[in-house]
Amino acid sequence: MQKQKKPFSLMAFIRPHRVGFITSTVLAVLSVTSGMVPYFAVARMVNLLISGEKNFSIYLAWGAAALIAYLLKSVLHGISTRCSHEATFHVLSELRRAVADKLTRVSMGYLSDTPSGRLKTVMVERVEQMEVPLAHIIPEMTSNLLVPLAIVVCLFALDWRMALACMLVIPVGFVLLMGQMKDYKNRADCYITACSGMDSAVVEYING
(Lines give C-alpha, C1' and ligand atoms only; values in the text may rest on other atoms or scores of the structure.)
Protein backbone atom coordinates (compact mmCIF):
# COMPACT_ATOMS: atom_id res chain seq x y z
CA MET A 1 0.00 0.00 0.00
CA GLN A 2 1.41 3.36 -1.05
CA LYS A 3 2.00 5.75 1.81
CA GLN A 4 0.15 9.02 1.69
CA LYS A 5 2.51 11.94 1.35
CA LYS A 6 2.46 14.49 4.10
CA PRO A 7 1.30 18.03 3.29
CA PHE A 8 3.72 20.90 3.15
CA SER A 9 5.22 21.83 6.50
CA LEU A 10 6.58 25.36 6.68
CA MET A 11 9.04 24.38 9.40
CA ALA A 12 10.61 21.88 7.01
CA PHE A 13 11.56 24.81 4.76
CA ILE A 14 12.63 27.07 7.64
CA ARG A 15 14.80 24.51 9.44
CA PRO A 16 17.71 24.51 6.93
CA HIS A 17 17.97 28.30 7.27
CA ARG A 18 17.43 28.57 11.02
CA VAL A 19 20.94 29.99 11.52
CA GLY A 20 19.98 33.08 9.54
CA PHE A 21 16.80 33.59 11.54
CA ILE A 22 18.57 33.06 14.88
CA THR A 23 21.34 35.47 13.90
CA SER A 24 18.77 38.03 12.81
CA THR A 25 16.85 37.70 16.10
CA VAL A 26 20.00 38.08 18.23
CA LEU A 27 21.09 41.16 16.27
CA ALA A 28 17.59 42.61 16.55
CA VAL A 29 17.65 42.20 20.34
CA LEU A 30 21.06 43.90 20.49
CA SER A 31 19.75 46.67 18.23
CA VAL A 32 16.78 47.42 20.46
CA THR A 33 19.01 47.27 23.53
CA SER A 34 21.40 49.78 21.96
CA GLY A 35 18.45 52.02 21.20
CA MET A 36 17.67 52.24 24.92
CA VAL A 37 21.17 53.47 25.84
CA PRO A 38 20.59 57.12 24.77
CA TYR A 39 17.65 57.38 27.18
CA PHE A 40 19.81 56.22 30.07
CA ALA A 41 22.56 58.60 28.96
CA VAL A 42 20.17 61.56 28.93
CA ALA A 43 18.80 60.56 32.34
CA ARG A 44 22.35 60.41 33.68
CA MET A 45 23.16 63.86 32.31
CA VAL A 46 20.01 65.30 33.86
CA ASN A 47 21.02 63.85 37.23
CA LEU A 48 24.47 65.38 36.84
CA LEU A 49 22.94 68.77 36.05
CA ILE A 50 20.68 68.60 39.10
CA SER A 51 23.62 67.65 41.30
CA GLY A 52 25.55 70.68 40.04
CA GLU A 53 28.22 68.92 38.02
CA LYS A 54 30.15 71.48 35.90
CA ASN A 55 32.75 69.28 34.23
CA PHE A 56 31.85 69.51 30.54
CA SER A 57 33.94 66.46 29.60
CA ILE A 58 31.57 64.19 31.55
CA TYR A 59 28.57 65.44 29.57
CA LEU A 60 30.57 65.09 26.37
CA ALA A 61 31.39 61.48 27.21
CA TRP A 62 27.75 60.61 27.91
CA GLY A 63 26.69 62.39 24.70
CA ALA A 64 29.27 60.42 22.71
CA ALA A 65 28.04 57.18 24.29
CA ALA A 66 24.47 58.03 23.31
CA LEU A 67 25.52 58.81 19.73
CA ILE A 68 27.58 55.63 19.37
CA ALA A 69 24.71 53.55 20.77
CA TYR A 70 22.25 55.15 18.35
CA LEU A 71 24.53 54.48 15.37
CA LEU A 72 25.10 50.93 16.59
CA LYS A 73 21.33 50.46 16.78
CA SER A 74 20.95 51.43 13.12
CA VAL A 75 23.84 49.23 11.97
CA LEU A 76 22.64 46.18 13.91
CA HIS A 77 19.09 46.68 12.66
CA GLY A 78 20.31 46.80 9.06
CA ILE A 79 22.38 43.63 9.43
CA SER A 80 19.51 41.88 11.22
CA THR A 81 17.08 42.82 8.45
CA ARG A 82 19.50 41.59 5.79
CA CYS A 83 20.01 38.23 7.54
CA SER A 84 16.28 37.66 7.98
CA HIS A 85 15.48 38.62 4.39
CA GLU A 86 18.20 36.42 2.91
CA ALA A 87 16.93 33.43 4.88
CA THR A 88 13.32 34.29 4.02
CA PHE A 89 13.98 34.58 0.29
CA HIS A 90 15.63 31.14 0.31
CA VAL A 91 12.55 29.74 2.08
CA LEU A 92 10.17 31.39 -0.39
CA SER A 93 12.20 30.15 -3.36
CA GLU A 94 12.19 26.57 -2.10
CA LEU A 95 8.50 26.81 -1.24
CA ARG A 96 7.61 27.96 -4.76
CA ARG A 97 9.73 25.16 -6.23
CA ALA A 98 7.86 22.67 -4.06
CA VAL A 99 4.50 24.03 -5.19
CA ALA A 100 5.59 23.87 -8.84
CA ASP A 101 6.79 20.30 -8.35
CA LYS A 102 3.45 19.42 -6.78
CA LEU A 103 1.59 20.83 -9.80
CA THR A 104 3.50 18.48 -12.11
CA ARG A 105 2.00 15.51 -10.23
CA VAL A 106 -1.66 16.53 -9.96
CA SER A 107 -4.31 15.30 -12.36
CA MET A 108 -5.07 17.10 -15.60
CA GLY A 109 -8.68 17.40 -14.49
CA TYR A 110 -7.64 19.49 -11.50
CA LEU A 111 -5.58 21.80 -13.70
CA SER A 112 -8.44 22.14 -16.19
CA ASP A 113 -11.00 22.94 -13.51
CA THR A 114 -8.76 25.38 -11.61
CA PRO A 115 -8.46 28.91 -13.05
CA SER A 116 -4.87 29.82 -13.82
CA GLY A 117 -5.34 33.02 -11.86
CA ARG A 118 -5.97 30.99 -8.70
CA LEU A 119 -2.78 29.00 -9.29
CA LYS A 120 -0.91 32.24 -9.81
CA THR A 121 -2.33 33.58 -6.54
CA VAL A 122 -1.12 30.52 -4.65
CA MET A 123 2.38 30.47 -6.14
CA VAL A 124 3.05 34.20 -6.13
CA GLU A 125 0.89 36.10 -3.68
CA ARG A 126 0.16 33.49 -1.01
CA VAL A 127 3.83 32.52 -0.83
CA GLU A 128 4.83 36.20 -0.85
CA GLN A 129 2.61 36.79 2.19
CA MET A 130 5.03 34.67 4.21
CA GLU A 131 7.72 37.34 3.79
CA VAL A 132 6.31 39.62 6.47
CA PRO A 133 6.04 37.08 9.33
CA LEU A 134 9.36 35.42 8.50
CA ALA A 135 11.53 38.43 7.71
CA HIS A 136 10.00 40.97 10.10
CA ILE A 137 7.78 39.51 12.79
CA ILE A 138 10.19 36.80 13.97
CA PRO A 139 13.18 39.09 14.74
CA GLU A 140 11.35 42.34 15.42
CA MET A 141 8.58 40.99 17.63
CA THR A 142 11.08 38.98 19.67
CA SER A 143 13.38 41.96 20.21
CA ASN A 144 10.55 44.40 20.85
CA LEU A 145 9.13 42.11 23.53
CA LEU A 146 12.26 40.91 25.34
CA VAL A 147 13.85 44.31 25.93
CA PRO A 148 10.68 46.04 27.26
CA LEU A 149 10.07 43.07 29.56
CA ALA A 150 13.58 43.44 30.94
CA ILE A 151 12.95 47.15 31.49
CA VAL A 152 9.68 46.41 33.30
CA VAL A 153 11.54 44.03 35.60
CA CYS A 154 14.08 46.77 36.33
CA LEU A 155 11.28 49.26 37.03
CA PHE A 156 9.66 46.90 39.53
CA ALA A 157 13.03 46.44 41.17
CA LEU A 158 13.42 50.22 41.50
CA ASP A 159 9.86 51.26 42.40
CA TRP A 160 6.76 49.12 41.91
CA ARG A 161 4.50 52.19 41.89
CA MET A 162 6.37 53.74 38.98
CA ALA A 163 6.26 50.40 37.14
CA LEU A 164 2.49 50.11 37.58
CA ALA A 165 2.01 53.70 36.39
CA CYS A 166 4.01 52.91 33.23
CA MET A 167 1.97 49.77 32.57
CA LEU A 168 -1.40 51.54 32.72
CA VAL A 169 -1.22 52.21 28.98
CA ILE A 170 -1.20 48.46 28.17
CA PRO A 171 -4.92 47.83 28.95
CA VAL A 172 -5.82 50.97 27.02
CA GLY A 173 -3.86 49.69 24.03
CA PHE A 174 -5.59 46.30 24.19
CA VAL A 175 -9.01 47.96 24.23
CA LEU A 176 -8.15 50.05 21.16
CA LEU A 177 -6.72 46.99 19.39
CA MET A 178 -9.85 44.96 20.08
CA GLY A 179 -11.96 47.72 18.55
CA GLN A 180 -9.75 47.77 15.49
CA MET A 181 -9.90 43.99 15.04
CA LYS A 182 -13.70 43.87 15.24
CA ASP A 183 -15.16 42.04 12.22
CA TYR A 184 -11.62 41.64 10.86
CA LYS A 185 -12.14 38.04 9.71
CA ASN A 186 -15.10 38.90 7.47
CA ARG A 187 -13.29 41.85 5.94
CA ALA A 188 -10.15 39.78 5.37
CA ASP A 189 -12.14 36.97 3.74
CA CYS A 190 -13.86 39.46 1.42
CA TYR A 191 -10.50 40.96 0.50
CA ILE A 192 -8.92 37.56 -0.25
CA THR A 193 -11.92 36.43 -2.29
CA ALA A 194 -11.94 39.66 -4.30
CA CYS A 195 -8.19 39.46 -5.00
CA SER A 196 -8.45 35.82 -6.08
CA GLY A 197 -11.36 36.60 -8.39
CA MET A 198 -9.57 39.58 -9.88
CA ASP A 199 -6.38 37.58 -10.49
CA SER A 200 -8.31 34.77 -12.14
CA ALA A 201 -10.23 37.19 -14.38
CA VAL A 202 -7.11 39.11 -15.41
CA VAL A 203 -5.05 36.02 -16.22
CA GLU A 204 -7.90 34.34 -18.11
CA TYR A 205 -8.54 37.57 -20.04
CA ILE A 206 -4.88 37.86 -21.07
CA ASN A 207 -4.73 34.19 -22.05
CA GLY A 208 -7.89 34.65 -24.11
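Thresholds, definitions, all that
- Residues numbered from 1 in each chain as written.
- Predicted model: local features only at pLDDT ≥ 70, side-chain atom pairs only at ≥ 80, totals over all residues.
- Heavy atoms only, no water.
- Salt bridge = Lys/Arg side-chain N within 4 Å of Asp/Glu carboxyl O.
- Buried < 20%, exposed > 50% of the residue type's maximum accessible area, 1.4 Å probe, protein only.
- Helix = DSSP H or I, 4+ residues; strand = E, 2+ residues; numbered from the N terminus.
- Expected span 1.5 Å × (residues − 1).
- Bend = angle between axes of the 7 residues up to and from the residue.
- 1 Å grid on protein atoms, 1.4 Å probe; cavity = no way out; pocket = protein on both sides within 12 Å on 5 of 7 lines; lining within 4 Å.
- Points joined across faces, edges and corners; volume = space filled by probe spheres on them.
- Nonpolar A, V, L, I, M, F, W, Y, C, P; charged D, E, K, R; others polar.
- Contact = heavy atoms within 4.5 Å.
- Core = buried A, V, L, I, M, F, W, Y, C linked by side-chain atoms within 4.5 Å.

Colleague: Would you explain the pattern of salt bridges in this entry?
Modeller: Pairing between side chains becomes possible if they bear opposite charge and their charged atoms approach one another. A complete count under the given rule lists four salt bridges for this structure. For R105, the salt bridge goes to D101, with nearest N and O atoms at 3.0 Å. Residue classification places D101 among the partly exposed residues on the basis of a relative accessible area of 42%.

Colleague: Just checking my understanding: could you explain helix α2 (residues 18-51) for this structure?
Modeller: End to end, α2 covers 50 Å across 34 residues, agreeing with the expected 50 Å (1.5 Å per residue, within 8%). One or two positions beyond α2, positive phi appears at G52, with a value near 90°.

Colleague: Even after reading the chapter, I still don't get helix α6 (residues 131-158), so can you show me in this structure?
Modeller: Note: α-helices contain 3.6 residues per turn, so residues at a spacing of three or four share the same orientation. The end-to-end C-alpha separation of α6 is 40 Å, in line with the 40 Å expected for 28 residues at 1.5 Å each. Along its length, α6 reaches its greatest deviation from straightness, about 45°, at I137, and the proline P139 lies no more than four positions downstream. Taken together, the buried positions of α6 are E131, L134, A135, P139, S143, V147 and L155.

Colleague: Teacher, can you tell me more about the layout of surface pockets here?
Modeller: The method is simple in principle: a probe with the dimensions of a water molecule rolls over the atoms, and the space it marks as empty is what remains. By volume, the largest pocket is sized at about 240 Å³. For the largest pocket, the full set of lining residues is T33, M36, Y39, F40, V147, A150, I151, C154, L155 and L158. Taken together, the elements giving at least two residues each to the lining of the largest pocket come down to α2 and α6. Residues that form the lining of the largest pocket fall into these classes: nine nonpolar, one polar and no charged.

Colleague: Mind showing me how you'd approach the side chain of H17 here?
Modeller: Mapped onto the elements, H17 comes out in the loop between α1 (10-14) and α2. Apart from residues lying up to four places away in sequence, H17 is in contact with A87, H90, V91 and E94.

Colleague: What should I look at first to understand the environment of M162 in this one?
Modeller: For M162, the position within the fold is in helix α7 (residues 160-166). Each C-alpha atom of the pair M162 and V152 lies 9.8 Å from the other, and the pair is 10 residues apart in sequence.

Colleague: It is not clear to me how the nonpolar core should be interpreted in this structure. Could you clarify?
Modeller: Where a protein is soluble and globular, its nonpolar side chains tend to be buried together. Within the largest apolar cluster, 10 residues are counted, these being F13, I14, F21, A87, V91, L92, L95, A98, V127 and L134. For this core, the elements supplying multiple residues, two or more each, are α1 and α3 (56-103). Discounting residues that sit within four places of it in the chain, L92 has contacts with V127, E128, M130 and E131.

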